[in-house]
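Coordinate inspection notes
One letter stands for each residue in the lines below.
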Amino acid sequence: MSNEAGKKIAVVAVGGNSLIKDKAHQTIPDQFAAASESMSHIVGMIQAGWDVAVTHGNGPQVGFILRRSELSAHELHTVPLDYCGADTQGAIGYMFQRALHNDFKRRGMDKQAATVVTQVLVDRNDPAFENPSKPIGSFMDEATALKHRDEDGWVVVEDSGRGWRRVVPSPIPKRIVERDAILALIHAGFVVVGVGGGGIPVVEDEDGNLVGVEAVIDKDFASALLANSIDADLFLISTAVEKVALNYNKPNQRWLDKMTLEEARRYLEEGHFAKGSMEPKIRAIIGYLERGGKEAIITNPENIERALAGETGTRVVL
Ligand code: ADP
Ligand code: MG
């Protein structure tokens, strides 16, 4: 649905590379510089006439909070995962808001950005709760891992010879709790930052009260759900590659300009998309289109404007 001004709405899900370019650039000033660069392309898209809701990942940032929490546990209370999610939504939202503000000012645009701390409802009977699979936090030695298991109830697994890690459930997002607020802000002309890190996972208890849970929602899935929930005209995933490839990183690699929903399903089946990186994006797009979405694009931040002009990126359509 277009807003009052008749503009089209896009949900733009920005990936980890919009905050951390590489291991040597992880500080807050580095993250702000990377955020500013990505946001400038989103402003380009706004200038071209789009209304935008920006979503983002938070994996490394949550890892940093957990590590700080762990190192100071002798003195301070530890931070539950839902609070890590809320903390990172606020901090990343602040970076995006400031970067957007400065870019709007530079271009003489009368526009404002606002961040919505976003809870995302998951089903407490989601099978993911029986099968925690998403690794979070630091690597540990076996003794530390087993101590956390016994004393804190963590589920810990040995990660292919690299050490032990905590794993948490990754349930399917069911409902964006702050959906109406996000849409109202978009209709009022704001650029909205929301659903950060896939949203803060919450469940409803017997009385219908929301309770935060120790889980992580896939940011591509939650972003797709937001796109459907606000009837966005476009779901754009900004990541580290300009296009999606078949036979990725193989001698017979082929970059795709376009695929249909049907082709996306087939390529997914054929195993072209790596688990934990491209696969969830393609699954998210398939879900978005199946639920009535119109069009999706995958590209990298620097090519957002060109991709919208049809010059690059991978388009997925019905
Ligand atoms: P993000 O932080 O944006 O979610 P991910 O690392 O999770 O980024 O996913 C993007 C990565 O997926 C790309 O950088 C690329 O290395 C990888 N990838 C896996 N399969 C493919 C494919 N078939 N085509 C393009 N990229 C792929
Ligand atoms: Mg990812």
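Structure's up top.
What this report covers is the structure whose coordinates are included nearby. Given the structure is predicted, the values throughout are model-derived calculations rather than measurements.

So, the overall build of the protein
Per the secondary structure count, the protein includes nine helices and 17 strands. Relative to the 2.2 N^0.38 estimate, which gives 20 Å for 318 residues, the radius of gyration of the protein is 19 Å and therefore close to what a compact globule would have. Projected onto the principal axes, the alpha-carbon positions of the protein cover approximately 55 × 45 × 45 Å. Pairs at least 24 residues apart make up 72% of the contacts formed inside the protein by residues separated by at least 6 positions. Element-wise, carbon and sulfur atoms account for 50% of the exposed surface of the protein, whose accessible area totals about 15,200 Å². Counting 35 positive and 44 negative side-chain charges, the protein places the centres of these two groups 6 Å from one another.

A closer look at the site of ligand 1
Around ligand 1 sit 17 residues in total, of which Gly 16, Thr 239, Ala 245, Tyr 248 and Lys 281 are the nearest. Contacts to ligand 1 include Lys 219, whose side-chain N or O atom sits 2.8 Å from an oxygen atom. At a separation of 2.5 Å, an oxygen atom of ligand 1 approaches a polar side-chain atom of Lys 281. Contact with the protein chains hides 80% of the accessible area of ligand 1, taken as 580 Å² for the molecule alone. At the level of secondary structure, the elements contributing two or more residues to the shell around ligand 1 comprise strand S13 (244-246) and helix H8 (278-290). Broken down by class, the residue content of the shell around ligand 1 amounts to eight nonpolar, six polar and three charged.

Calculation criteria
- Residues numbered from 1 in each chain as written.
- Chains lettered and ligands numbered in written order.
- Predicted model: local features only at pLDDT ≥ 70, side-chain atom pairs only at ≥ 80, totals over all residues.
- Heavy atoms only, no water.
- Helix = DSSP H or I, 4+ residues; strand = E, 2+ residues; numbered from the N terminus.
- Rg over C-alpha atoms; globule rule 2.2 N^0.38 Å.
- Contact = heavy atoms within 4.5 Å.
- Areas by Shrake-Rupley, 256 points an atom, 1.4 Å probe, with all protein chains shown as cover.
- Lys, Arg positive; Asp, Glu negative; His and termini not counted.
- Charge placed at Lys NZ, Arg CZ, Asp CG, Glu CD.
- Near = heavy atom within 4 Å.
- Polar contact = N/O pair within 3.5 Å; in protein donor to acceptor, adjacent residues only side chain to side chain.
- Nonpolar A, V, L, I, M, F, W, Y, C, P; charged D, E, K, R; others polar.

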